[in-house]
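Each chain is listed here by its residues.
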Amino acid sequence: MTPLFSKTLLGIAAHAFVLVYAQDDAPGFDVLDYVDPLIGTAHGGHSFAGATLPFGMAKAVADTDSENQGGFASDGSTIIGFSHMHDSGTGGSASMGNFPLFVHPSCPGDKVDNCKWQQTDRAIKWDRKSPKARPGYFSIALDNGLQAEMTVTNRSALYRFTFDDATDALNPVILVDLMDLPKSRSQGAVAVDPSTGRFTANGTFSPSFGTGTYKSYFCADFKGAKVRDVGTWDKDGPTLKQTTTKIDGSAVSRSAGAFVQLNAPAKGKPILARVGVSLVSEKQACSNAEKEQPEFDFDGTVGAAEKAWREKLSPVSVDASGVSSDLQTVFWSGLYRTMISPQDYTGENPLWKSDEPYYDSFYCIWDSYRGVHQLLTLVDPLSQSLMIRALVDIYRHEGYLPDCRMSLCKGNTQGGSNADVLIAEAYLKKVINVDWDTAYEAVVKDAEVEPSNWDVEGRGGLRSWKSLGYIPIHDNDLVGRGTRTRSVSRTVEYAYNDFCIAEMAKRMGHTEDYKKYTERSHNWKNLFKKDQKSAIKGVDTNFTGFLQPRNANGSWAYQDPIFCSPLESFTSCYLNPQGHETYAPQDMGALIKTLGGADSFTSRLTFLHESGLLYVGDEQAFLTTFQFHYAGRPALSAKQTHSYIPSQFNTSVSGIPGNDDGGAMGSFAVLSMMGLYPVHGQDVYLITAPFFKEVSVRNKITGKVATIRNVNFDPSYKKIYIQSVKRDGKPWTKNWIGHDFFEKGGVLEVAVGGEESAWGTKTGDLPPSLSEYE
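Residues numbered from 1 in each chain as written. Predicted model: local features only at pLDDT ≥ 70, side-chain atom pairs only at ≥ 80, totals over all residues. Heavy atoms only, no water.

Caption draft 1: Spotlight on the sheet that holds strand 28 (residues 705-711). Taking strand neighbours across the sheet as the criterion, the six strands line up as 18-27-28-32-29-30 in an open arrangement whose pairing is mixed. Since the sheet does not close on itself, it has two edges, and those belong to strand 18 (316-319) and strand 30 (730-731), each with one partner. (Pairing = 2+ DSSP bridges. Helix = DSSP H or I, 4+ residues; strand = E, 2+ residues; numbered from the N terminus.)

Caption draft 2: Spotlight on the environment of Tyr721. The topology assignment puts Tyr721 in strand 29 (residues 721-727). Given the relative accessible area of 17%, Tyr721 is considered buried. For the pair Tyr721 and Ser757, spaced 36 residues apart in sequence, the C-alpha to C-alpha distance is 7.3 Å. Setting aside residues up to four positions removed in sequence, Tyr721 forms contacts with Ala635, Lys639, Ala751, Val752, Gly753, Gly754, Glu755 and Glu756. (Buried < 20%, exposed > 50% of the residue type's maximum accessible area, 1.4 Å probe, protein only. Contact = heavy atoms within 4.5 Å.)

Caption draft 3: Here's a closer look at helix 16 (residues 634-644). Among the eleven residues in helix 16, eight count as buried, and that is most of the element. Along helix 16, the residues classified as buried are Pro634, Ala635, Leu636, Ser637, Ala638, Gln640, Thr641 and Tyr644. Close packing links the buried residues of helix 16 with helix 15 (598-610), helix 17 (664-674) and strand 29.

Caption draft 4: Highlighting the side chain of Thr518. As for its position among the elements, Thr518 is in helix 13 (residues 511-520). Contact partners of Thr518, with chain neighbours within four places excluded, come to Ala502 and Leu770.

Caption draft 5: Region of interest: the state of the cysteines. For the structure shown, the criterion picks out three disulfides. Between the sulfur atoms of Cys219 and its disulfide mate Cys286 the distance is 2.1 Å. The sign of the 95 degrees torsion about the S-S bond sets the Cys219-Cys286 disulfide as right-handed. Of this pair, Cys219 sits in strand 12 (residues 214-223) while Cys286 sits in helix 3 (residues 282-292), and the two are 67 residues apart along the sequence. This pair shows no difference in class: Cys219 is buried, exactly as Cys286 is. (Disulfide = S-S within 2.5 Å.)

Caption draft 6: Focus on the sheet that holds strand 15 (residues 244-248). Pairing is antiparallel in the open sheet, where nine strands are placed in the order 5-6-7-8-17-12-11-10-15. Two strands in the sheet have a free side with no partner beyond their single neighbour: strand 5 (132-134) and strand 15. The mean angle between the axes of side-by-side strands here comes to 15 degrees, regardless of whether they run parallel or antiparallel. For strand 11 (residues 199-205) and strand 12, the ladder comprises seven bridges, and the chain directions are antiparallel. Its bridge partner lying in strand 12, Asn202 is registered against Tyr217. Against the sheet, helix 3 contacts strand 8 (156-163), strand 11, strand 12 and strand 17 (271-278), and its axis sits at roughly 130 degrees relative to strand 17. In this fold helix 4 (residues 298-313) packs onto strand 5, strand 6 (137-141), strand 7 (146-152), strand 8 and strand 17, with an angle of close to 50 degrees to the strand it touches most, strand 7. (Axes fitted to C-alpha atoms, helices over the stretch in contact; angles between N-to-C directions.)

Caption draft 7: Structural detail: the pattern of salt bridges. Scanning the model with the defined rule gives 39 salt bridges in all. A salt bridge links Arg134 to Glu306; the nearest nitrogen and oxygen atoms lie 2.8 Å apart. Taken together, the residues Arg134 in strand 5 and Glu306 in helix 4 connect sequence positions 172 residues apart. For Glu448, the salt bridge is made with Lys466, and the minimal N-O distance between the two is 3.0 Å. Of the two residues, Glu448 is situated in helix 10 (residues 436-448) and Lys466 in helix 11 (residues 462-468); the sequence distance between them amounts to 18 residues. Residue class for Lys466 comes out partly exposed when judged on its relative accessible area of 42%. (Salt bridge = Lys/Arg side-chain N within 4 Å of Asp/Glu carboxyl O.)

Caption draft 8: The arrangement of the confidence of the model for the chain in detail. Of all residues in the chain, 94% attain a pLDDT of 70 or more, and the chain-wide mean is 93. Taken together, the stretch residues 1-23 has pLDDT below 50 and engages in 61 contacts with residues farther than four places along the chain or on a different chain. (pLDDT = per-residue confidence, 0-100.)

Caption draft 9: Inspection of the domain arrangement of the chain at higher detail. By domain assignment, the chain separates into domain 1 (37-311), domain 2 (317-340 + 565-573 + 588-773) and domain 3 (354-531). The gap between the C-alpha centroids of domain 1 and domain 3 is 37 Å. Tallying the contact residues gives 14 residues for domain 1 and 18 residues for domain 3. Both faces considered, domain 1 and domain 3 share a buried interface measuring about 1,200 Å² in area, 68% of it formed by carbon and sulfur atoms. Of all residues in domain 1, the largest losses of buried area upon contact with domain 3 belong to Phe55, Phe209 and Thr211, amounting jointly to 50% of the total for that side. Classifying every residue of the side of domain 1 that touches domain 3 gives six nonpolar, seven polar and one charged. (Domains from an automatic or database assignment. Buried area = accessible area lost by both parts, 1.4 Å probe. Nonpolar A, V, L, I, M, F, W, Y, C, P; charged D, E, K, R; others polar.)

Caption draft 10: Geometry of unusual backbone geometry. For the bond from Tyr363 to Cys364, the omega torsion is -10 degrees, close enough to zero to count as cis. Secondary-structure assignment places Cys364 in the loop between strand 20 (359-360) and helix 6 (365-368). In the Ramachandran plot, Phe99 falls in the positive-phi region, its phi being about 55 degrees despite a non-glycine side chain. Relative to the assigned elements, Phe99 resides in the loop between strand 2 (78-83) and strand 3 (101-104). Since its relative accessible area comes to 2%, Phe99 is described here as buried. In the Ramachandran plot, Lys183 falls in the positive-phi region, its phi being about 55 degrees despite a non-glycine side chain. Mapping Lys183 onto the fold places it in the loop between strand 9 (173-177) and strand 10 (187-192).

Caption draft 11: Here's a closer look at helix 17. Along helix 17, eleven of the eleven residues are buried, which leaves the element largely enclosed by surrounding structure. Within the span of helix 17, buried status applies to Ala664, Met665, Gly666, Ser667, Phe668, Ala669, Val670, Leu671, Ser672, Met673 and Met674. In the segment just after helix 17, Gly675 is the residue with positive phi, at about 90 degrees.

Caption draft 12: Local environment of the packing of helix 10 against helix 13. Orientation of helix 10 relative to helix 13, taken along the N-to-C sense of each, is 45 degrees, at an axis distance of 13 Å. With respect to their mutual orientation, helix 10 and helix 13 come out oblique. Two packed elements cross with a definite hand, and for helix 10 against helix 13 that hand is left-handed. On the side of helix 10, the interface is formed by Tyr440, Val444, Ala447 and Glu448, while helix 13 contributes Asp513, Lys516, Tyr517 and Arg520. Of the residues assigned to the contact of helix 10 with helix 13, the class counts are four nonpolar, no polar and four charged. (Parallel < 35°, antiparallel > 145°, perpendicular 65-115°, else oblique. Left-handed = near helix turned anticlockwise from the far one by under 90°.)

Caption draft 13: Geometry of the pairing of strand 11. Across the seven residues of strand 11, six count as buried, placing the element largely inside the fold. Linking two consecutive strands that pair antiparallel, namely strand 10 and strand 11, is a turn of six residues; a positive phi of about 80 degrees is found at Gly197 within it.

Structure follows, in structure tokens:
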């Protein structure tokens, strides 16, 4: 390894855990050949397509003019710049995209006055066949003759710009814009060094789904051509020789910045732009770039990023004999996307001093607690430990656990206090190096102390929750402030949050807390109206009994049970009341009894999936795919899984059913295809047959390997129903298994057939429930 390559690895070392473990026995197999970052970049998928390291801070990509929550969208019409920090798969408005670079290969008449400067004017179309994306790399060709490539270390991006038909008359102009994608900037300033062309900039911006502001810093240097001229620009165009400019919130949507005009590069030679990013200072942004990219080594940086990704993905191995390359790509690309966020900002948090890790872009836990963190616990338990520690440290300094957090800011709460679920599950699964006493203190505070603004942390309506046992519609909350909606979904989520706290309390020896929170976990029943009917377009569904909102005096309010489904008012439920079919995974025995028994429950669950009521593009749909297990019908879970993969999860640019939500859609596909689907907040994995002949996961801490083997594997997937299971050679009749399987390692042999069998159908084989099954 050369000294140059060693320095390039400085920005990657924190993320690369070296493991000697074969990905696959096939000669020439490279896992990166089966990762396509362009999946989910159209039709609102918002997946980040650009160059990033696992959980990296720097994320470089070409930004499009629309659907740019992740920066680049395959269905965007023009490119508006190249920016260096992004989130992935988010809903709502775009996030970050601060300080984009834009390149004019030349200005008409070789005069900078003749170039276009404002974002809407300079936007350029791109070659639809040109985007190429691979872990650690992204490239695109623009209609102005620019070929742009980009790669990253952890805190810096490196761009390589090449021009068609370069001649001595070509004097490119590179500008930096004091703007972000959501156009939230309230203040910004930039300077350009007239001798070196170095840009330094800072700005104050708003988060895309939260409250407050954050400051961001930027530093860029260039290599490949000498500086010809510099200047700044604003709405009136460029001003040559001027080296600084500022802009404030009165011009929130207007572009302004600095530029450097370079002499023509040698014919066919690229210009390199090195960008450092920081949330602390311009000095630190420059230092990050200098330390991580000392020699502007583009190919070396790409190679180092690829190495980091191979190592990060290496704990998982599959025998893909007979499986299509498309399905393999769905699997590996899903795993890749779960490792884009949350982002490691350790050392870049100016809000407080701490020796603990700091992760950002928990975006949002309402989404990620249903799959992302369960998958990370399996394949990257060290990173999961760092993330849990970061959540606990946020509690220490902010006073509450976040439900959502991005760009150093508090994010909006979508339902309950679902960090409680993450922490309780991490405790049950023995995630290492966490201060569990403080973690327990944090989840209890969520349950007991209402914050002044529960739109961004904690829970609202706690007085009603404790006295009435539900959140009333239009709750008259006199303690804090927040959006007084979602009474049904908040009641259900609070009940489950309390159940998870109870499980943690039980194992930590807090007996009274265990009793209290277990009792509260039954509160979902207080909103069940047993005589409520439902209809779709006037036709009775023939199901009776649904969750309904209630008034504070105990009387029933009304909400159409199919409201907020794709069949009615689907887009009207943004943080609004929700009343469609829901679930209580802590007490499936009671839920099944409440809904009329196992046959009735199975019928309702089947109708939910087949009627169009359920939108699998939102994460609350995930567990419903596997809930047939609780009614003793695990075969129907397998059938439902195969109905969604690959119909809803495939290799097209629109190959996920909703926005990816920080890798949540990817995690659903991966876990489903592995054949062990985790119940969030519990030590329970529901068993189905994997989509491969064999899947193995190596625990990075213990070194143990857990293998799920599909006996009689049928790559046509006509035989997907489990006939019998053996664990380490001994019969296993339960339709679920615990996390100790991954801790200790071993082999789970799943024999399949073409018809539903009696395996996993007996009462004693069903997953845990607070109440007994009938």
